[in-house]
Amino acid sequence: YSKETCFLSIFQSDILICRFKKTILCLETSCFMWFICKCRELESLTIPMQWHSSLVDDITAKSYKVESRITSRFCHTTVKSSVVNSGPNAQSIGFNVQIPKQAFITNFTMNVNGITFVGSVKEKTVARNLYAQARARGKAAGLVRYRTDMETFKTEVHVPPGSKIEFELHYQEMMQRKLGFYEHSLYLQPGRLVPQFQVDVYIYEPNGIASVETPNTLGEHFSGMAKLTSSKDKAHVVFKPSLQQQRKCENCTTSAIDGIFTVRYDVLRDSNAGELHVSDGHFVHFFAPANLSPLPKNIVFVIDVSGSMWGVKMKQTVEAMQTILDDLTMDDYFSIVDFNHNVRCWSEELVPGSTIQVAEAKKYIQNIKPNGGTNINEALMRAVQMLVKASNQGMIDPRSVSMIMLVSDGDPTVGEIKLSAIQKNVKKVMREEFSLFSLGIGFDVDYDFLERIAMENRGVAQRIYTSHDASDQIRRFYSQVSSPLLRKITVQFPEDSVSDVTQNHFDKYFSGSELVVAGKVLPSESTTLNSFTTASADRLDLSLQTEADYLELDAALAQQQHAFTGFARQMWAYITVNQLLSERLSMAPTAGQKRKITQRILTLAVEHQFVTPLTALLVESEEAKERLLADSPNDPKQGCCAGRTPVQMVHSIPPWVQMTTPAPPSHAERPLPDHITIVENDPHFIVHLPKSNMDICFNIDSEPGHILNLVSDPGAGVVVNGQLVGSKRVGVEEKEKEKVNTYFGTVSVFYQPDGISYISKVHGFLFEPHAMIPVCFRVKVSIVKDSKVMVTVDDKITVMVLLHRVWKKHPTHVDFLGLYIPNNNQYSSQAHGLIGQFGQEPEVRVFNLHEGADPLKKEATMEVKGNKLVVTRGWQKDYRRDQKRGSDVFCWFIHNSGKGFIDGHYTNYIVPRLDSFLPLPL
């Protein structure tokens, strides 16, 4: 027979059906899928293992290697295996790999007896047509099944005896931060013993790795076998069990490797402003602030109690709800809606999460008896109405987060049963400030519907597998969304600096998670890219800024042996495609919009080689004589970000903060004042007196460790204190001979009504809550990474702290902080402190100007507060415009630590703690 006639294999998703009715002779045994075989009939056979064949004992595994390269949270994984048909007969050999559902396959190659099949991603219709042409011409055309519901990649090849087959699969994914860490999971199921078995995970994080671990998820059999080496910014995990170590028992011939291999890590974050990485003409901005108080939440639990939930599903849901309800606090408001064919409310109104109410709710949950049908539409309508009513009645704190958590296992069977109509109904009544989270229990649930309805309403969905730990899965999901820290987050960039930016407005940020924005960098004369982030927290508004050098990261990547150099480009495409897939599924786009979105997805997926619901991987042999097709379902299973919601800027930088980098378009340029009260260097005070139009300077010669009170205003509830640090000491002899210079190393702004300290240090910025009582929103904080921090209290009192970095190897100098305080601060009549006392400007007269000991510095006499002082004309520095060189501020210098100009002696301003008010009177 000709080789065209000798095509014998039909590939299906789970079952290989291969029937031979007569003896067939193939003269070209080197070709793919043509062989000499004996006449016999094989019945249907399914073998669930990584490599499987129709003759189980006649396949020899040579090697199985997995390598993951994670760079800046983006991962490229390669799975390679090599097997030999060691039996006397031809047989089909399968290659199955489970991959994370959020991953995109980017390539698959196969080598069969020297014939190489190479993959390329094409538009699905194009790939299918080419595949069909091969089938029509009688060419070899195997089908590669990519079943996303099971996250399994499968392929099978029929080969003659002695054949050697090598498989190689590539896929990419972005690491998702959940509960404070990133988790990389590899599904290892070789199905048999492998002489060369090895897993390598390389991690490179430019800002540094905070922690990395390899929890023993493969079982006690492999305890301690994963080896970890790490440095500041790199980590390498290797898992390489020997042939003997792979055995289930000492004399077993089966492998104990069957499960998930996990690497868990987190990165160092030196600022709440986030990380900005620029590489290969693209940027990625990571935002994961910490040290913030959780926002109060209003939550309605909507629980399916239909008959299909009977048994284990209901038991595990009840167990999870018992723990979830215990997590509620007095600041939270909640209720429960349970539904089958009817809808019931435990409470018609939201109630506080008090101990009594939680106990009553737990009793109610415990007594639920599943039965009847499923009326999802009415249950969700009732939940939304409950939140709307509470909002209209003023029960909901405008700073709180409102959400609905739906738990269901099936399709609607009562009331409105059309899924698209339910989506439309929910979206119509949901307010912009509400979010919907969906939990789908079991395999029979319509997870696509639950995912769509969640994503359309600023939430996410999670499938819960009905195993022994289903209640833990529910609790873990709730933990991810139970601590909202920020609302209305916006990330912006200077105009004409970037393009094709992914979603940059986010409704909420949850503790332990991370927000990611990516885009392309436009050509510019500048060498740095700036980002500006604004957000609303529990008791303050945030305005944050960070920057990144265009070339620095690429230079660092070039030095890394195992880094993924194209990470930024691929991550931008990965995020963009996922967001477009989400938009395409939304009910909002018109037919025309949907076509445009579809075309954009196709263009990006083909350019970046992603197998998506709209593309396929065509695997061809040399000269395209044989073809395989890697296909995927029509509906995606990948999770995606919440929908885009326009958010207004919540806080702009005031005019007296003189920006050294361009602000985004929403920050209007305004005239900058020439004079302001300043504390700089070791420490030099420059007090501006507006009425006299005069600047007065003095130094404070105190000791390292002393805390000086700068502003103490009991009437406004504000205190500003600074703690001194000393310069480096060269040696003991110098220490005895010379006085040590002192600088401000820590500055604290304490707001007594909220009980919160906003502490700036040379090593970072901290929020330190002294109490957890919700109050009015009175504090705004703006942070520019590695540059400045600004705190505004009640729109009346503002303090800016400027960070000065020095050469780390300098023999004496240290990093220090400068303070800039505008003269229009509205202090109360009780304000005092080294700076606060000048809120009430004293009368000052300067006369008797004459030559001083230094011909460049004149001297004069100053009358102030009943004192006559000898003053010297000099200058100090203002570093707002130029942080390196500064600009000169000419002033009258008062000697002896400001004696005669300040009230009392400077030692009267030394306080015991950073939150201490100044004792009065002095």
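In what follows, the accompanying structure is described. From a predicted model like this one, the values you see are computed outputs, not experimental measurements. (Residues numbered from 1 in each chain as written. Predicted model: local features only at pLDDT ≥ 70, side-chain atom pairs only at ≥ 80, totals over all residues. Heavy atoms only, no water.)

## Some thoughts on the overall build of the protein
The number of helices and strands found in the protein is 13 helices and 52 strands. Within the protein, the proportion of its 922 residues that are buried is 57%. Taking as baseline every contact in the protein between residues at least 6 positions apart, the subset at least 24 positions apart corresponds to 68%. Split by element, the accessible area of the protein, about 38800 Å² in all, is 50% carbon and sulfur. (Helix = DSSP H or I, 4+ residues; strand = E, 2+ residues; numbered from the N terminus. Buried < 20%, exposed > 50% of the residue type's maximum accessible area, 1.4 Å probe, protein only. Contact = heavy atoms within 4.5 Å. Areas by Shrake-Rupley, 256 points an atom, 1.4 Å probe, with all protein chains shown as cover.)

## Considerations on the pairing of strand β10 (residues 152-159)
Buried residues dominate β10, accounting for seven of its eight residues. Inspection of the sheet shows strand β6 (residues 91-98) paired to β10 by eight bridges, in the antiparallel sense. Bridged to Gly-94 within β10 is Glu-156. (Pairing = 2+ DSSP bridges.)

## What to know about helix α8 (residues 470-481)
In this model, α8 (12 residues) spans 18 Å end to end at C-alpha, consistent with the 16 Å of a helix rising 1.5 Å per residue. Taken as a whole, α8 has its buried residues at Ala-470, Ser-471, Gln-473, Ile-474, Phe-477, Tyr-478 and Val-481. Relative to the axis of α8, the buried residues are bounded by an arc of 160° and lie together on one face. (Expected span 1.5 Å × (residues − 1). Arc of directions from axis to C-beta.)

## Re the state of the cysteines
Taken as a whole, this structure holds two disulfides when the rule is applied. The disulfide that involves Cys-249 links it to Cys-252, with 1.7 Å between the sulfurs. Disulfide Cys-249-Cys-252: torsion about the S-S bond near 95°, hence right-handed. Cys-249 gets classed as partly exposed once you look at its relative accessible area, which sits at 36%. Overall, the relative accessible area of 18% leaves Cys-252 in the buried class. (Disulfide = S-S within 2.5 Å.)

## A closer look at the packing of aromatic side chains
Centre-to-centre distance and the angle between the planes together describe a pair of aromatic rings. Going through the model one piece at a time under the given rule, you end up with 24 aromatic pairs. Judged by centre distance (6.0 Å) and plane angle (20°), the rings of Phe-74 and Phe-564 are stacked. On the criterion of sequence distance, the pair formed by Phe-74 in strand β5 (residues 74-85) and Phe-564 in the loop between α9 (552-558) and α10 (567-585) is long-range, its members being 490 residues apart. Residue classification places Phe-74 among the buried positions, given a relative accessible area of 0%. On the basis of relative accessible area, Phe-564 is assigned to the buried category, the value being 15%. Look at Phe-334 and Trp-346: their rings are 5.2 Å apart centre to centre, the planes differ by 20°, and that puts the pair in the stacked class. Of this pair, Phe-334 sits in strand β22 (residues 333-339) while Trp-346 sits in the loop between β23 (343-345) and β24 (351-352), placing them 12 residues apart in sequence. Judged on exposure class, the residue Phe-334 and its partner Trp-346 are both buried. (Phe/Tyr/Trp six-rings, centres within 6.5 Å; stacked < 30°, edge-to-face > 60°.)

## Some words on the sheet that holds strand β31 (residues 515-521)
Read across the sheet, four strands follow the order β19-β20-β31-β29 without closing on themselves; strand pairing throughout is antiparallel. Here the strands that pair on one side only, and so sit at the sheet edges, are β19 (275-279) and β29 (498-499). Note that β19 and strand β20 (residues 282-287) share five bridges and pair antiparallel. By the bridge assignment for β20, Val-278 is matched with Phe-283. Contacts between α10 and the sheet are confined to β19, β20 and β31, with β20 contributing the most and set at about 70° to the helix. (Axes fitted to C-alpha atoms, helices over the stretch in contact; angles between N-to-C directions.)

## Structural notes on the pattern of salt bridges
Applying the stated rule across the entire model yields 30 salt bridges. Lys-234 serves as the salt-bridge partner of Asp-233, at 3.6 Å between the closest nitrogen and oxygen. The residue Arg-845 makes a salt bridge to Glu-863 at a minimum N-O spacing of 3.4 Å. Separated by 18 residues along the polypeptide, Arg-845 in strand β48 (residues 844-850) and Glu-863 in strand β49 (residues 859-864) bring together distant segments of the chain. The class for Arg-845 is partly exposed, based on a relative accessible area of 43%. Accessibility expressed as a relative area gives 27% for Glu-863, which makes it partly exposed. Ionic contacts of the salt-bridge type, sharing partners, join the residues Arg-73, Arg-177, Glu-205, Asp-266, Arg-269, Glu-275 and Glu-514 into one network. (Salt bridge = Lys/Arg side-chain N within 4 Å of Asp/Glu carboxyl O.)

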